[in-house]
Amino acid sequence: MYILGIESSCDETSIAVLKDRRVLSNITANQEIHAQYGGVVPELASRAHLQHLIPTLHKALDVAGIRLPQVNAVAFTQGPGLLGSLLVGTSFAKSLSWSLDVPLVSVNHMEAHILSNFIEKPGKEAPVFPFLALTVSGGHTQLVRVDSPKEFTVLGETLDDAAGEAFDKSAKLLGLPYPGGPLIDKLAREGNPNAYPFPKPRVDGLNFSFSGLKTSILYFVQAHRESDPDFVQSNLPDICASIQHTIVDILLDKVRLAVQQTGLKTVAVGGGVTANSGLRTALEGMKDREGWEVHIPDFGYCTDNGAMIGIAGYFKLMGGDSTALNAAAMARYPVGS
Ligand code: KG4
Ligand code: ZN
């Protein structure tokens, strides 16, 4: 079965062709326009999706080596995300499904980040249910118990900023351009993660909080700049490594607690922040140190991509689900609902 996966929830237009669980192509058009505004401008994102969808589809079909009439199903991101962006992708997916007369399948973007761990790859085992999932993206940070491809229970989530937002806002305070997460990652590689200890929040249970970190970074920068205006510029690698270390620690403390509370030792991660090298290394370390079985998506399936929408669509189709042509895009769409 050939499945198209269409992702348009934020600022990436991405389309993949899957043959069952195998990815034949996964083409992403990034929207550079937002960098000059320091964040995603929703109206501009919607317009860019309109421009990018057709060329991205052509490229995805070419690379996969199939023609449009061979497509057997169309999966698309129904939410959560920016409403305008979702409306563009939803309308496009519906038109394709209707004109090709093939099933339409709606997908929850955050569930898809989790299910990206099921993309087939030689030598890579998929997680076995039930397992724990940590989703870390620009808008969400959640710990989820996953009992099957359609049974998701949120165990904890951020009370304020998401992990990706913590990276991006910290970067902004350091004067780095948007999106700051990948830049902090790059600079952190040259720095000392223990150079500047930032405080970790005290939050009960399995919820997260990142807004305190942002405030402490703000005060830290202000205090040091008073005595040395070039302080940030001269110490960027150490500052970035310390910030990254703190964010990774906050995340792993909660995963450790979730493992203790649930007894589940299989941990799968997903979302843009799983591209972070510090988080990936720390998670790999947990295999030996804590005996966890850890699943991390390949680099190309961490940030928003059509392949994860395709694999989530595949599971829905296998479960006998499809979506009516009057489906609406949903800016808010809780995991497991
Ligand atoms: O999942 P995603 O692509 O989009 C959303 O669904 O939000 O996640 C985007 C987030 C951004 O905040 C971005 O800065 C962060 O993921 N990100 C990273 C890295 N790559 C992307 N954060 C830290 N290190 C990275 N290497
Ligand atoms: Zn995402």
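The coordinates are above.
Keep in mind the model is a prediction, meaning the values are calculated, not measured.

Enquirer: Lay out the sheet that holds strand β6 (residues 131–136) with the relevant residues and their values.
Expert: The sheet built from 5 strands is open, its strands ordered β8-β7-β6-β9-β10 with mixed pairing. Each edge of the sheet is formed by a strand with only one pairing partner; in this case those strands are β8 (151–157) and β10 (293–295). Taking the axes of each pair of neighbouring strands and ignoring which way they run, one obtains an average angle of 25° across the sheet. The pairing of strand β7 (residues 141–148) with β8 spans 6 bridges and is antiparallel. Paired with Ser148 across the bridge in β8 is Glu151.

Enquirer: For the coordination of the zinc ion (ligand 2), give the residues involved together with the corresponding values.
Expert: The protein atoms that coordinate the zinc ion (ligand 2) are His109 (NE2), His113 (NE2) and Asp304 (OD), at distances spanning 2.0 to 2.1 Å. On the primary sequence, the residues serving as donors to the zinc ion (ligand 2) are separated as H-x3-H-x190-D. Of this pair, His113 sits in helix α3 (residues 109–115) while Asp304 sits in the loop between β10 and α10 (306–318); the two residues are 191 residues apart in sequence, bridging distant segments of the chain. An identical accessibility class is assigned to His113 and Asp304; each is buried.

Enquirer: Quick one: what's the story with the packing of helix α4 (residues 163–173) against helix α6 (residues 211–227), residue by residue and with numbers?
Expert: In contact at an axis separation of 10 Å, α4 and α6 are set at 15° when each is read in the N-to-C sense. With respect to α6, the element α4 is oriented roughly parallel. Between α4 and α6 the crossing geometry is right-handed. Here Lys169, Ser170 and Leu173 of α4 lie close against α6, whose contacting residues are Lys214, Ile217, Leu218, Val221 and Arg225. Residues that form the contact of α4 with α6 fall into these classes: 4 nonpolar, 1 polar and 3 charged.

Enquirer: I'd like a rundown of helix α2 (residues 83–100), residues and numbers included.
Expert: The end-to-end C-alpha distance of α2 is 25 Å, a good match for the 26 Å that 18 residues give at a rise of 1.5 Å each. Buried within α2 are the following residues: Ser85, Leu86, Val88, Gly89, Thr90, Phe92, Ala93, Lys94, Leu96 and Ser97. Considering only its buried residues, α2 is in contact with β1 (2–7), β2 (12–19), α1 (42–64), β4 (73–79) and β5 (104–108). Just past α2, the residue Asp101 takes up positive phi, approximately 60°.

Enquirer: Explain the packing of aromatic side chains to me, using residue names and the numbers behind them.
Expert: Counted by the stated rule, this structure contains 10 aromatic pairs. For the pair Phe118 and Phe315, a centre-to-centre distance of 5.3 Å together with 85° between the ring planes defines the contact as edge-to-face. Taken as a pair, Phe118 in the loop between α3 and β6 and Phe315 in helix α10 lie far apart in primary sequence, 197 residues in all. Between Tyr196 and Phe220 the ring centres are 5.0 Å apart and the planes differ by 65°, which places this aromatic pair in the edge-to-face class. Placement of Tyr196 in the loop between α5 (180–188) and α6 and of Phe220 in helix α6 is noted, with a sequence separation of 24 residues between them. Every member of this aromatic cluster is reached through a ring pair, and the members are Phe118, Phe129, Phe131, Tyr314 and Phe315.

Enquirer: Go over the pattern of salt bridges with me, naming the residues and quoting the values.
Expert: Throughout the structure, instances matching the rule amount to 13 salt bridges. A salt bridge links Asp298 to Lys124, with the nearest nitrogen and oxygen atoms 3.1 Å apart. Of this pair, Asp298 sits in the loop between β10 and α10 while Lys124 sits in the loop between α3 and β6, placing them 174 residues apart in sequence. The exposure class of Lys124 is partly exposed, given its relative accessible area of 33%. Two residues, Asp185 and Arg189, come together in a salt bridge whose shortest N-O distance is 3.4 Å. One salt-bridge network, in which partners are shared between bridges, spans Lys200, Asp249, Asp253, Arg256 and Glu290.

Enquirer: Please give an account of the nonpolar core that cites residues and values.
Expert: Buried together is how nonpolar side chains tend to be arranged in soluble globular proteins. Counting 47 residues, the largest nonpolar core has Leu134, Leu174, Phe210, Ile239, Ile247, Leu251 and Val255 as its most contacted members. Looking at this core, the elements with two or more residues in it are β6, α4, α5, α6, α7 (231–234), α8 (236–262), β9 (266–270) and α9 (277–290). Setting aside chain neighbours within four positions, we find Leu251 in contact with Leu134, Val136, Thr141, Ala163, Phe208, Phe210 and Leu279.

Enquirer: Describe unusual backbone geometry, with residues and values.
Expert: Here the residue pair Gly79 and Pro80 is connected by a cis peptide bond, since its omega of -10° sits within 30 degrees of zero. Mapped onto the elements, Pro80 comes out in the loop between β4 and α2. With omega at -5°, the peptide bond leading from Tyr178 into Pro179 counts as cis. The phi angle at Asp20 is positive, at roughly 55°, despite the residue not being glycine. Mapped onto the elements, Asp20 comes out in the loop between β2 and β3 (22–30). At Asp101, a position not held by glycine, the phi torsion is positive, near 60°. The residue Asp101 is located in the loop between α2 and β5 in this model.

Cut-offs used in this document
- Residues numbered from 1 in each chain as written.
- Chains lettered and ligands numbered in written order.
- Predicted model: local features only at pLDDT ≥ 70, side-chain atom pairs only at ≥ 80, totals over all residues.
- Heavy atoms only, no water.
- Pairing = 2+ DSSP bridges.
- Helix = DSSP H or I, 4+ residues; strand = E, 2+ residues; numbered from the N terminus.
- Axes fitted to C-alpha atoms, helices over the stretch in contact; angles between N-to-C directions.
- Donors = N, O, S within 2.8 Å, 3.2 Å for Na, K, Ca; no water.
- Buried < 20%, exposed > 50% of the residue type's maximum accessible area, 1.4 Å probe, protein only.
- Parallel < 35°, antiparallel > 145°, perpendicular 65-115°, else oblique.
- Left-handed = near helix turned anticlockwise from the far one by under 90°.
- Contact = heavy atoms within 4.5 Å.
- Nonpolar A, V, L, I, M, F, W, Y, C, P; charged D, E, K, R; others polar.
- Expected span 1.5 Å × (residues − 1).
- Phe/Tyr/Trp six-rings, centres within 6.5 Å; stacked < 30°, edge-to-face > 60°.
- Salt bridge = Lys/Arg side-chain N within 4 Å of Asp/Glu carboxyl O.
- Core = buried A, V, L, I, M, F, W, Y, C linked by side-chain atoms within 4.5 Å.

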